[in-house]
Amino acid sequence: MSLDYKQKYSFGADYGTSYFKFGSILCGEEPKMIENRGYFPRNDNIMHNAFGETKDIVVGDEVPLYLQAKEDLTENLIYPMKNGIIEKNNSRAWDVVKTISLYGLEAFEPTDNDFEGFNIVASLSSIAPRYMYEKIFQIYKEINKKRKLIKAATVISQPLSVAIAHKVTTCTVIESGHGNTQVCPISHYPIRNAIVPINRGGGDANSITAEILKDLGYSDLAREEAFVLRAKEKLGLIPVDFEKSVAKAKKHPKKFKNKFKIPGTRIVVELEENTWTRFLIGEYVFDPNHELFTSYFKRGLPKPKDIRIGDLLFKGMLDFGEAIIEAVERCPVELQPHLYRNILLSGGNFCWEQPSIQLKGLATSANSKIKLLLRKKGITNVNISMTNEPQYSVWRGTIIYGYAVPENYNWSWDQLEGWISFD
Amino acid sequence: MIESNDLRVDEYFQSRGMQPLDISSLGLEKDNLKPDIAFTDSNNRIFVKIIDSGALNERNVLLDAVMKSVDFLKEANAAYLLLPKLYASIIDGKLFYNHGVGLLTYDKRGAIQEIIKPKIFSQINKENLVKIPEETLVEINNLNKRIRSLEQDFSKLKEELDELRVKKINIETNEDEPKLYSLNAEIHDDAPEFMKDNPWIGILSKRGKD
Ligand SMILES: Nc1ncnc2c1ncn2[C@@H]1O[C@H](COP(=O)(O)OP(=O)(O)O)[C@@H](O)[C@H]1O
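Since the model is a prediction, treat every value here as computed from it, not as a measurement. (Residues numbered from 1 in each chain as written. Chains lettered and ligands numbered in written order. Predicted model: local features only at pLDDT ≥ 70, side-chain atom pairs only at ≥ 80, totals over all residues. Heavy atoms only, no water.)

A. Structural view of the overall build of chain B. Helix and strand counts for chain B stand at seven helices and six strands. The linear arrangement of helices and strands in chain B, starting from the amino end, is α-β-β-β-α-β-α-α-β-β-α-α-α. For chain B, the proportion of its 210 residues judged to be buried stands at 38%. When contacts within chain B are restricted to residue pairs at least 6 apart in sequence, those whose partners lie at least 24 apart make up 50%. (Helix = DSSP H or I, 4+ residues; strand = E, 2+ residues; numbered from the N terminus. Buried < 20%, exposed > 50% of the residue type's maximum accessible area, 1.4 Å probe, protein only. Contact = heavy atoms within 4.5 Å.)

B. Spotlight on the overall build of chain A. Of the regular secondary structure elements, chain A holds 17 helices and 20 strands. Looking at chain A as a whole, 58% of its 423 residues are labelled buried.

C. A look at the environment of Met-132 of chain A. Structurally, Met-132 of chain A is set in helix H6 (residues 130–146). Look past the residues within four positions of Met-132 of chain A in its chain and what remains in contact with it is Met-81, Gly-84, Ile-85, Ile-86, Trp-94 and Leu-124 of chain A.

D. The sheet that holds strand E3 (residues 45–50) of chain B, seen in detail. All names here are of chain B. Taken in spatial order, the six strands of this open sheet run E1-E2-E3-E4-E5-E6, and their pairing is mixed. Edge positions in the sheet fall to strand E1 (19–20) and strand E6 (112–116), since each has one partner strand and no second. Relative to E3, strand E2 (residues 37–40) runs antiparallel, the two sharing four bridges. Residue pairing across strands places Ala-38 opposite Phe-47, the latter belonging to E3. (Pairing = 2+ DSSP bridges.)

E. Up close: the pattern of salt bridges. Evaluated as defined, the whole model comprises 28 salt bridges over all chains. Its salt-bridge partner being Glu-106 of chain A, residue Arg-147 of chain A comes within 3.2 Å of it at the nearest N-O pair. Residue Arg-147 of chain A is found in the loop between H6 and strand E7 (150–157), and its partner Glu-106 of chain A is found in helix H5 (residues 91–108); the two are separated by 41 residues along the sequence. When its relative accessible area of 34% is taken as the criterion, Arg-147 of chain A is described as partly exposed. The exposure class of Glu-106 of chain A is partly exposed, given its relative accessible area of 38%. In this structure, Arg-8 of chain B and Glu-11 of chain B form a salt bridge, with 3.1 Å as the shortest nitrogen-oxygen distance. Members of the salt-bridge network, linked through shared partners, are Glu-116, Lys-148, Lys-151 and Asp-423 of chain A. (Salt bridge = Lys/Arg side-chain N within 4 Å of Asp/Glu carboxyl O.)

F. Main features of the site of the ligand. Residues and elements named next belong to chain A. Every one of the 17 residues lining the ligand counts as a neighbour, but Thr-17, Ser-18, His-178, Lys-232 and Gly-348 are closest to it. Taking Thr-17, its side chain carries an N or O atom lying 2.2 Å from an oxygen atom of the ligand. In this structure, Tyr-19 approaches the ligand through a main-chain N or O atom, which is 2.9 Å from an oxygen atom. For the ligand, the accessible surface in isolation is 580 Å², of which the surrounding protein chains cover 91%. Here the shell around the ligand gets three residues from one element, more than from any other, and that element is helix H10 (residues 225–235). Taken together, the residues of the shell around the ligand sort by class into four nonpolar, 10 polar and three charged. Per-domain counts for the shell around the ligand show at least three residues from each of domain 1 (3–158 + 391–421) and domain 2 (204–303). (Near = heavy atom within 4 Å. Polar contact = N/O pair within 3.5 Å; in protein donor to acceptor, adjacent residues only side chain to side chain. Areas by Shrake-Rupley, 256 points an atom, 1.4 Å probe, with all protein chains shown as cover. Nonpolar A, V, L, I, M, F, W, Y, C, P; charged D, E, K, R; others polar. Domains from an automatic or database assignment.)

G. Molecular detail of the side chain of Ser-346 of chain A. Residue and element names in this part refer to chain A. Mapping Ser-346 onto the fold places it in strand E17 (residues 343–346). Residue Ser-346 is classed as buried on the basis of its relative accessible area of 0%. Among residues more than four places away in sequence, those in contact with Ser-346 are Val-162, Ile-174, Glu-175, Ser-176, Thr-387, Pro-390 and Ser-393.

H. Looking closely at the pairing of strand E4 (residues 78–84) of chain B. Residue and element names in this part refer to chain B. The buried fraction of E4 is high, at seven of seven residues. Pairing analysis gives five bridges linking E3 to E4, with the strands arranged parallel. Within E4, the position partnered with Phe-47 by the bridge is Ala-79. Judged from the five bridges that link them, E4 and strand E5 (residues 102–106) form a sheet pairing that is parallel. Residue Pro-84 lies in a different strand from E5, and its bridge partner there is Tyr-106.

I. Representation of the nonpolar core. Residue and element names in this part refer to chain A. Ranked by size, the top nonpolar core spans 80 residues in total, and within it Tyr-15, Leu-124, Met-132, Ile-136 and Tyr-140 carry the most contacts. Setting aside residues up to four positions removed in sequence, Leu-124 forms contacts with Tyr-15, Met-81, Met-132, Tyr-133, Ile-136, Val-155, Ile-156, Ser-157 and Gln-158. If you look at the next biggest cluster of nonpolar residues, it comprises 52 residues, including Leu-280, Phe-286, Ile-324 and Leu-373. (Core = buried A, V, L, I, M, F, W, Y, C linked by side-chain atoms within 4.5 Å.)

J. Structural detail: the packing of aromatic side chains. Within this structure, the stated rule accounts for 27 aromatic pairs over all chains. Consider the rings of Phe-22 of chain A and Phe-108 of chain A, whose centres lie 6.1 Å apart with planes at 85°: the pair is edge-to-face. Highlighted residues: Phe-22 of chain A in strand E2 (residues 19–24) and Phe-108 of chain A in helix H5, separated in sequence by 86 residues. Summarising the burial analysis for this pair, Phe-22 of chain A and Phe-108 of chain A share the class buried. Between Phe-227 of chain A and Phe-260 of chain A, the ring centres sit 5.9 Å apart and the planes meet at 20°, which makes this aromatic pair stacked. In this pair, Phe-227 of chain A sits in helix H10 while Phe-260 of chain A sits in strand E13 (residues 260–261), placing the two residues 33 residues apart along the sequence. For Phe-227 of chain A, a relative accessible area of 7% puts it in the buried group. Under the relative-accessibility criterion, Phe-260 of chain A is labelled buried at 5%. Positioned above the aromatic ring of Tyr-189 of chain A, the side-chain terminus of Arg-207 of chain B is 3.9 Å from the ring centre. (Phe/Tyr/Trp six-rings, centres within 6.5 Å; stacked < 30°, edge-to-face > 60°. Lys NZ or Arg CZ within 6 Å of the ring centre and 35° of its normal.)

Next comes the structure, spelled out in structure tokens:
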């Protein structure tokens, strides 16, 4: 593999919980993106199956064309990486992974004569167990059986990839996606035994948004996931001090007014005297422990649960400040200050818009919020940066990794790095 | 008519990462639990029953075959029925879905196609298995305990190793960052911004060389 070859045919594949971001180095700054999901068209008609052209799994832009009744969706629309982990025997989920991987590779397959397959760098959640690595390699091998699209493959963890994209070699990465959040200290390598996973992500913010919308009388809309997500992103505000911000908004609701019109419809959501609920959304992302949330839990808001996956406990209710401290304190003492000095926020769940200047002191940005949470616990010498375009950082890191790691470095199961060659 | 050994079943399963199992070594006592072929992917046992075109002339043969495949689940995690492609069209798929049995077909050339995926049962349904004697259970328990304590020791050791590694790395980070790397020098002006002046390129390009 010459340098030129590597430069031309590095391919990144970020298996996010809600989006699959993929593409070769030729993408430039931004990867292509499809939802990380697959639809299994109903196949009770066996004739169709044996002779017809029905697809086994539909992925990408075609999915909406196939969607049928709602009941069907829960069963046949599969988000394989929902919480970052796929069970070993979940063959449907793995089939989706295979199909989206193939979809991505085919989308970039060059016609050049020198093409002998991509050097693919897959990125998985930092808590992905070893069998997931094995499965990914196996899937790539299967893909190659039909047509050689892959020359060599490797897998890296998402937080490492973020650190690489952001050019920092010692740092703490918090990657918060739709399904979950991972805090991972890094010092040239991910420090695996310090990883703190949290079973809470953008999806949970959607859930509380849905409750708020229901209370406002938009029950029908609250059932539409896509609508709730937009409402969340438009309405949510991160409070500086939750209680003070809420009190202020209750007193002066107009100050926090924000109309939200659903594109393509005539529906406008107005919060009127309830603008204070905007802070519920933002606070919930970072710290769901305030007593105000209890009444929502009682009325049916699903409380983020502690779950055990493999030998890792994903806490549901851990606030992000506490999570960072927990992770950093698992690292050697002399490394800890360096890890606090470089905290990197990444993932869509930190993409909150900068609040308007009129709300200064009441609403704030994601990095200031993390800073405040840490300060509350006595950690002050911190530096927090928001990765620019957080949704793309993982993919960017994979491209650099593919480009830089020597091609003759064979995959090592101890180090979890190197290349598996398909030559 | 096609002979069953002309079927490309082995090829089909092996291309999916599975290995054939020697049926005689599985200790299957009852004849009705013996598949025609069996495979494993190291976690799961998959049993396959093959039906050739001659056998299918009677309607009940198929129902019978499905029921037999369901029986396989006492010894396997998944079961398939393999039949001539021609017959797939007269079959009611529900029969398979309801019982979690998978359906494979073969064509004139012996090529295999999966029509219905089987359900994978994580636990083998051994309702009519002999009871495990008490002393064996005690032994298993003891083994379990020993494994757990070994696992604990192991994760402690692993932790210590990680710590040592981090310490080593930490010493490395305190060194001056090496200045220019050959790979860095190769990055063109029109490369994406995230690749330019990226210290990781130097670090990663040395991987596997220490
Ligand atoms: N502007 C925004 N404001 C608030 N949340 C956002 C914004 N943009 C994206 N998100 C949220 O980020 C989540 C998706 O994050 P992403 O990192 O792409 O997930 P993953 O990598 O797990 O697929 C979704 O819950 C989405 O609503």
